[in-house]
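Here are the chains, one letter per residue:
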Amino acid sequence: MNAFLAIVRRDLKLAFRRGGDAANVVVFFILTVTLFPFGIGPEAAILARVAPGVIWVVALLAAMLSLDRLFRDDHDDGSLEVLVLSPLPLEVVVMAKCLAHWLTTGLLLVMAAPLLAVVMAMDGEGFATLLAAMVLGTPVLSLIGAIGAALTVGLRRGGVLISLLVLPLFIPVLIFGVGAVDAAVYGLTAKPHLLMLGGLLVLSLPLAPWAAAAALRLSLE
Amino acid sequence: MSSAFHRFANPARFMRYSAVILPWSLWITAALIAVGLYLALFVAPADYQQGDSVRIMFVHVPAAWMALFVYTNMAVASAVALIWRHPLAHIAAHGSAPIGACFTLIALVTGSLWGKPMWGTWWVWDARLTSVLVLFFLYLGYIALADAFDDGAKGAKAAAILALVGFVNVPIIKFSVEWWNTLHQPASVIKMGGPSIHASMLVPLVIMALGFTTFFVAVLILRMRAAIVGAKLRTLQIALIERGA
Amino acid sequence: MTDFAGTGLAAHGIACTRGGRGLFEGLDIAIEPGGAMLLCGPNGSGKTSLLRLLAGFLEPADGWLTWNGRAVVEDIQAYQSQLAYVGHLDAVKRSLSVTENVEFWAGLQGADADPLAVLGSLGIGSLAALPARFLSAGQRRRLGLARLAVAPKPLWLLDEPTVTLDTASITMVEALIARHRVGGGMVVVASHVTLDLPGAAVLDLRALS
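A. Examining the overall build of chain A more closely. Helix and strand content of chain A: 10 helices and 0 strands. Each helix (α) and strand (β) of chain A, taken in turn from the N terminus, gives the series α-α-α-α-α-α-α-α-α-α. In terms of overall dimensions, chain A is globule-like: its C-alpha atoms have a radius of gyration of 18 Å, near the 17 Å expected for 221 residues. Projected onto its principal axes, the C-alpha positions of chain A cover 55 × 35 × 30 Å. Expressed as a percentage of its 221 residues, the buried residues of chain A come to 57%. Long-range contacts, defined as pairs at least 24 residues apart, comprise 83% of the intrachain contacts of chain A with a sequence gap of at least 6. When the accessible surface of chain A is summed, it comes to about 8,400 Å², and 72% of that surface belongs to carbon and sulfur atoms. Treating the 13 positive side-chain charges of chain A as one cloud and the 14 negative ones as another, the clouds have centres 5 Å apart.

Structure (structure tokens):
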């Protein structure tokens, strides 16, 4: 447990001290969503109709932007070898790094979401569900994204490739995330959608670190 | 250095068998596709609603089946490669990918061509077409990843991991897309092939599917043989350079 | 220093290929507690690859490794937790302070190490509070090597540990290695700089290719 927390604490420290990166993700999220009213017009009815979709899609893109860094620094400065040799199984190391990643990206997206829901004239009925869906969905993005980050960590132009690898895998999260909010807005129950998101989280929690660890070991060869 | 050469000396058995199978599979493919196309274009009845344009189904549906079948093959080959380290498994998986991608593209294009006379638009977000589109991106990701590595062996292993991850996701993606599609029920109800397929339509469908399968086998063998010979060539080139140095 | 028991590390007929080229094959190695092995050979002869193979990062193209008599491949995780690897890269996080780097390595290993003592064994105790990005190349190298003093590991694998170090620092590293060996530890070092490793077996990789 101590080793797990040591990794989370270190990654959080590194994220704060480098500062810019986490801020970039949130700024991108807010800025890009704010572009939509400019692009499609300020009519509230139209904005409200597309609000859940827009917010989720941009959240996905923002999460994806931050993935390249997840393992790259450790790979480039030799820390990856240290992590592999630690008594902690590499899968648990990956979980720790995903947790730290989520705390510095996904969590910030969740906190920015209500603001953006207002910007997109989203119906108040959907706010709570949006938050719940994002709390369930954004960790899945970090976990699945870790697979893409681990597979491309040694590549020079890995960042571009990550989007191609990871976005198709994000689609279920997008579908159920938007479905949940739409259901809430139309007065239906969002429970089945939230349950599906929860299911995705439960599924990716053991499987994604396993695949990412295999990819990381491959990068050390 | 003899051992590096030994690694690729043993696909000899595969080369022998494939040399025998290849011409057979090519001929059988030609025969099946010829028969299938004849039945599809001339014998199968036109649909009472869609007329002759329903015949695109005889290319579209088998292509979509192949898209999934080839991906399954890729995943199985990748698992074999990662678990049992059989060198041919990587070659089989990597060789299948572009073939599967092409089948997927054919399914998408024929689906689109079918859509125009049937629904009046070039693209419809029907659950099946959407799933095939996502599958297409999975194929592209696999090919891009494998080719992004300077070290081919590492690229093959990374792609193998991706293939397995993608394979686990295919049912999830399919399920979520179908869910999404029923939520956003399109105005016209789409039925591909109808609830019960008459024998006159089923037979050409199956024949085309079999023809596509033997086509896949033939092209895969060609690609695997080319990959093996290419690897041997590289080994010889390296040995030549080392001897000269 | 902890006393290590066991029969040590052995490699049986291992072969290694990189990028399609064969580096070496049929290599047998045996290192017992207290033993040392020095790898030498020109660049590209496979020193780093051999070290990484011994660290379990690479798989041998042929042959197998045993640790204390048991095949490494049966439980790589257990084997890797018994070794420390210091390669070309120093694994130092520039944004953290020197002490924070040491504390992280200690926390990772679950070890209760005193950062000042650890840093002192490599003569960089005075730099404890500095952000690591202010260190010179030699100081960063020594910080990377300080990892060895954080938690006791029977096997040390060192790849060119003394590059960028001055003579005084090299002596400190030699002393560190000597203390480790007295306690039964083993070390495999790749170095083109002359190191004082009394009784070390020498493996010249140039002769193998």
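On we go.
B. Layout of the interface of chain A and chain C. Between chain A and chain C, the contact holds 27 residues from the first and 25 residues from the second. Overall, the association of chain A and chain C removes approximately 2,300 Å² of surface from exposure, summing both partners, and the carbon and sulfur fraction of that is 60%. Across the chain A-chain C interface, the total number found is 5 salt bridges. Between Glu81 of chain A and Arg52 of chain C there is a salt bridge, with its nearest N and O atoms 2.9 Å apart. The interface formed by chain A and chain C holds 11 residue pairs in polar contact (both at pLDDT 80 or more) in total. Elements with a minimum of two residues in the side of chain A that touches chain C: helix 1 (2-18), helix 4 (69-77) and helix 5 (79-85) of chain A. Ranked by residues supplied to the side of chain A that touches chain C, first place goes to helix 1 of chain A with 8 residues. Tallied by class, residues from the side of chain A that touches chain C come to 13 nonpolar, 5 polar and 9 charged.

C. Structural context of the sheet that holds strand 4 (residues 62-67) of chain C. Residues and elements named next belong to chain C. What the 4 strands build is an open sheet, ordered 2-1-4-5; its pairing is antiparallel. Looking at the sheet topology across the chains shown, the edges are occupied by strand 2 (21-31) and strand 5 (70-71). The sheet contact formed by strand 1 (residues 9-18) and strand 4 spans 5 bridges and is antiparallel. Bridge pairing in strand 4 places Leu9 opposite Trp67.

D. Here's a closer look at the environment of Thr99 of chain C. Checked against the element boundaries, Thr99 of chain C lands in helix 3 (residues 98-109). A C-alpha to C-alpha distance of 26 Å links Thr99 of chain C and Gly183 of chain C, two positions 84 residues apart in sequence.

Cut-offs applied
- Residues numbered from 1 in each chain as written.
- Chains lettered and ligands numbered in written order.
- Predicted model: local features only at pLDDT ≥ 70, side-chain atom pairs only at ≥ 80, totals over all residues.
- Heavy atoms only, no water.
- Helix = DSSP H or I, 4+ residues; strand = E, 2+ residues; numbered from the N terminus.
- Rg over C-alpha atoms; globule rule 2.2 N^0.38 Å.
- Buried < 20%, exposed > 50% of the residue type's maximum accessible area, 1.4 Å probe, protein only.
- Contact = heavy atoms within 4.5 Å.
- Areas by Shrake-Rupley, 256 points an atom, 1.4 Å probe, with all protein chains shown as cover.
- Lys, Arg positive; Asp, Glu negative; His and termini not counted.
- Charge placed at Lys NZ, Arg CZ, Asp CG, Glu CD.
- Buried area = accessible area lost by both parts, 1.4 Å probe.
- Salt bridge = Lys/Arg side-chain N within 4 Å of Asp/Glu carboxyl O.
- Polar contact = N/O pair within 3.5 Å; in protein donor to acceptor, adjacent residues only side chain to side chain.
- Nonpolar A, V, L, I, M, F, W, Y, C, P; charged D, E, K, R; others polar.
- Pairing = 2+ DSSP bridges.

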